[in-house]
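# Structure assessment
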Amino acid sequence: MNTILRKSVLGIAGLAFAGGVVGGPIAAHTSGHHAVDARPVAVVQADKPGVDTAKLIPHGTQGAQSRIELNDEQVANVKAIIAATKKSGMDERAAVIAIATSLQESKLENLGHLGDANDHDSLGLFQQRPSSGWGTPEQITDPEYSTMAFLKGLKQVDGWQDMPLTDAAQTVQVSAYPDAYAQWEQQAADLVAQYWNS
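Numbering of residues starts from 1 in each chain and follows the order in which that chain's sequence is written. pLDDT decides what is reported in this predicted model: residues at 70 or higher carry local features, side-chain atom pairs at 80 or more are listed and counted, and totals for whole chains, interfaces and linings draw on all residues regardless. The side-chain values count all of the structure's non-hydrogen atoms but skip hydrogen atoms and water molecules.

Our next topic: the overall build of the protein. Numbering goes from the N terminus for both helices and strands, where a helix is a DSSP run of H or I of at least four residues and a strand is a run of E of at least two. Helix and strand counts for the protein stand at nine helices and zero strands. Along the protein, from the amino end to the carboxyl end, the secondary structure elements read α-α-α-α-α-α-α-α-α. Here's how the labels work: a residue is buried when its accessible area is under 20% of the maximum for its type, exposed when over 50%, partly exposed in between, all with a 1.4 Å probe on protein chains only. Taking all 198 residues of the protein together, the buried fraction comes to 49%. The contacts in the protein between residues at least 6 apart in sequence include a share of 72% that link residues at least 24 apart. Of the accessible surface of the protein, which amounts to about 8,700 Å², a share of 52% is contributed by carbon and sulfur atoms. The contact criterion used throughout is that any non-hydrogen atoms of two residues lie within 4.5 Å. Where accessible areas are quoted, they stem from the Shrake-Rupley method and a 1.4 Å probe; at the residue level, only the protein chains shown are allowed to cover.

This is the structure:
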């Protein structure tokens, strides 16, 4: 996506960035998290009706996939992202994009300020920055608010439903590592299949 279109999209969403979100705090913060082997895995089939599994990964995954084990807090954040997605009137694919983005940005942890390990003033599940107009620190560290802010940006991306996940996420996040989101698509889809109707 060209720079003019990206700036236009972010301007409409009220999310213009000076320097973008950089995955800086993740490298320092994730020493306790280890990606499990990157072999592709099958999408979990939902045992409850209503999840259209064909919508979860409509174009297949891109590249090697990563996976982490989730604790209770991370699962609660998955559920909060799904609830906010439903509240915004968006579908399962939007939840997959949001969860994959949060997996990349914070490993689904609602991060506060990490001092020198932090990327500027990035906070919360999506590493959003108060100085870039995402909201106050209190708002950004509220999982519902931060998800709704991310989804507001996603709604402004023309054709996001038909984009590869990493392109849709990158258009909203403007990360220094634009291809990094793709590695979480399978786990995000599995989580949406598991928790969409729970």
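What follows covers the pattern of salt bridges. Two side chains of opposite charge can pair, provided their charged atoms sit close to one another. The term salt bridge refers to a pairing of a side-chain nitrogen on Lys or Arg with a carboxyl oxygen on Asp or Glu at a separation within 4 Å. Enumeration over the complete set of coordinates arrives at four salt bridges. The partner of R67 in a salt bridge is D190, and the shortest N-O contact between them spans 2.4 Å. Residue R67 is located in the loop between α3 (53-56) and α4 (72-87), and its partner D190 is located in helix α9 (residues 185-195); the two are separated by 123 residues in the primary sequence. D190 gets classed as buried once you look at its relative accessible area, which sits at 5%. Taking the shortest distance from any N to any O, the salt bridge between R93 and E185 comes out at 2.8 Å. In this pair, R93 is assigned in helix α5 (residues 92-106) and E185 in helix α9, connecting sequence segments 92 residues apart. Both residues of the pair, R93 and E185, belong to the buried class.

Here the focus is helix α8 (residues 165-173). Because each turn of an α-helix spans 3.6 residues, side chains separated by three or four positions in sequence point in the same direction. Counted residue by residue, α8 has eight buried out of nine residues, so it is predominantly covered. Every buried residue of α8 is listed here: L165, T166, A168, A169, Q170, T171, V172 and Q173.

We now examine α5. How far a helix is expected to stretch is found by multiplying one less than its residue total by 1.5 Å. Spanning 15 residues, α5 covers 21 Å between terminal C-alpha atoms, matching the ideal 21 Å at 1.5 Å per step. Burial runs high along α5: 15 of the 15 residues are buried. Throughout this description, a polar contact denotes any pair of N or O atoms lying within 3.5 Å of each other; where both atoms belong to protein, one of them has to be capable of donating a hydrogen while the other can accept it, and for residues adjacent in sequence the pair is counted only when both atoms sit in side chains. With a side-chain oxygen lying 3.1 Å from the backbone nitrogen of R93, the N-terminal cap of α5 falls on D91. Directly beyond the C-terminal end of α5, a positive phi value near 55° is found at K107.

To describe a pair of aromatic rings, one takes the distance between the centres and the angle between the planes. What counts as a ring pair is set by centres within 6.5 Å for rings of Phe, Tyr and Trp (its six-membered ring), and what kind of pair is set by the plane angle: stacked under 30 degrees, edge-to-face over 60, tilted for all other angles. In the structure shown here, the tally under the stated rule is one aromatic pair. Taking the centre distance of 5.0 Å and the plane angle of 10° together, the rings of F126 and F150 count as stacked. Residue F126 is located in the loop between α5 and α6 (137-140), and its partner F150 is located in helix α7 (residues 143-155); the two are separated by 24 residues in the primary sequence. Residue F126 shares its accessibility class with F150, and that shared class is buried. Its end group placed over the ring of W196, K86 keeps NZ or CZ at 4.9 Å from the ring centre. Cation placement over rings: the criterion is NZ of Lys or CZ of Arg within 6 Å of the ring centroid and within 35° of the ring normal.

Its location among the elements puts L108 in the loop between α5 and α6. Discounting chain neighbours no more than four positions away, the residues touching L108 are L70, Q74, N77, V78, I81, I99, S102, L103, L125 and L191.

Any functional reading would require information beyond the geometric quantities listed.
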